[in-house]
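# Remarks on the overall topology
Given next are the chains, with one letter for each unit.
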Amino acid sequence: MGTHPRGASVIAKTNTSLEQWISQNPECLGSKVMERFSGKLPFLFKVLSVNISLSIQAHPNKALAEELHRRDAAHYADSNHKPEMAIALSAFEGLCGFRPAAEIAEHLQTTAELQAVVGTDNVTSFVQAVHGSSGALSTAVSLQQCFAALMQCPRETVREKLASLESRLQTDAASQPPAARLFLRLYKQFPGDVGCFAIFFLNHMKLKPGEAMFLGPNVPHAYLYGGV
């Protein structure tokens with residue numbers, strides 16, 4: 001529910017768009033919102049019921065959103081940034097932001113298939129950065145290199161290594177740690193998809209009804225299961 005140009009809400013009784021109704025009744029926003037957002041509704045309200053995991057996304061900040069809209073309004077119809085607040089309506093699972101560097105390093109060092117798609121040199125560089133080795137790249141730069149290498153890895157290599165990891169983990173699925181069990185769940189839904197590897201980089205969030213997580217600009221995230 002909102003005024004987004006690709007799915008604007010309509011007042012049922014009058015068939016008036018919500019944006020037009022707000023422009024005719026600006027006091028509905030309250031004085032502070034009216035002033036700060038130039039009389040525009042500053043949010044989009046959604047209710048989602050997630051049974052199959054959704055894709056990993058990251059939304060631009062305000063400056064980049066405005067630039068993308070200016071350059072290509074056909075594909076970027078909205079000039080606003082899109083930070084999200086996800087409030088759980090049921091037991092909910094999602095991915096949000098990068099895990100602590102030490103956790104990522106452990107996954108990279110102990111999962112041979114993940115090493116193969118990220119690249120040994122990138123893994124070594126990241127581990128050195130995490131340990132503060134002299135002359136090492138910063139952790140942020142090294143993490144960017146690792147994640148970019150994963151996402152740019154040839155699809156056939158990704159599919160091969162995913163299948164290898166799935167086969168290896170299935171031999172003792174019940175006793176696997178949480179990240180490995182999540183991998184097996186997602187692999188059943190999307191075999192061969194690089195996002196199955198991404199879970200070793202991203203925080204796995206579990207929310208109870210009423211709990212929430214904030215998804216800021218440029219933060220990779222995905223909704224895995226439940227209602228929000």
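Below you will find a few notes about this structure. Because the structure is predicted, anything quoted here is derived from the model rather than measured.

### Considerations on the pairing of strand β4 (residues 84-87)
Moving residue by residue along a regular strand, the side chains alternate between the two faces of the sheet. Burial along β4 is one-sided: Glu 84 and Ala 86 are buried, while Met 85 and Ile 87, pointing the other way, are not. Here β4 pairs with strand β7 (residues 212-215) via four bridges, running antiparallel. Each residue of the ladder has a partner; that of Glu 84, found in β7, is Leu 215.

### So, the packing of helix α6 (residues 120-130) against helix α7 (residues 139-152)
Interhelical geometry of α6 versus α7 gives an angle of 155 degrees and a closest axis separation of 9 Å. Classified by the angle between their axes, α6 and α7 sit roughly antiparallel to one another. Considering how the two elements wind past one another, α6 and α7 form a crossing that is left-handed. On α7, the residues touching Asn 122, Val 123, Ser 125, Phe 126, Ala 129 and Val 130 of α6 are Thr 139, Ser 142, Leu 143, Gln 145, Cys 146 and Ala 149. Across the contact of α6 with α7, the residue classes tally to seven nonpolar, five polar and no charged.

### Digging into the sheet that holds strand β5 (residues 92-98)
Taken in spatial order, the four strands line up as β3-β8-β5-β6 in an open sheet, and their pairing is antiparallel. The open sheet has two free edges, formed respectively by β3 (49-50) and β6 (202-207), since each of these has just one partner strand. Pairing between β3 and strand β8 (residues 221-227): two bridges, direction antiparallel. Of the residues in β8, the one forming a bridge with Val 50 is Gly 226. Together, β5, β6 and β8 form the strand contacts of helix α9 (residues 178-189), whose direction differs from that of β8 by roughly 85 degrees.

Rules of the game
- Residues numbered from 1 in each chain as written.
- Predicted model: local features only at pLDDT ≥ 70, side-chain atom pairs only at ≥ 80, totals over all residues.
- Heavy atoms only, no water.
- Buried < 20%, exposed > 50% of the residue type's maximum accessible area, 1.4 Å probe, protein only.
- Helix = DSSP H or I, 4+ residues; strand = E, 2+ residues; numbered from the N terminus.
- Pairing = 2+ DSSP bridges.
- Axes fitted to C-alpha atoms, helices over the stretch in contact; angles between N-to-C directions.
- Parallel < 35°, antiparallel > 145°, perpendicular 65-115°, else oblique.
- Left-handed = near helix turned anticlockwise from the far one by under 90°.
- Contact = heavy atoms within 4.5 Å.
- Nonpolar A, V, L, I, M, F, W, Y, C, P; charged D, E, K, R; others polar.

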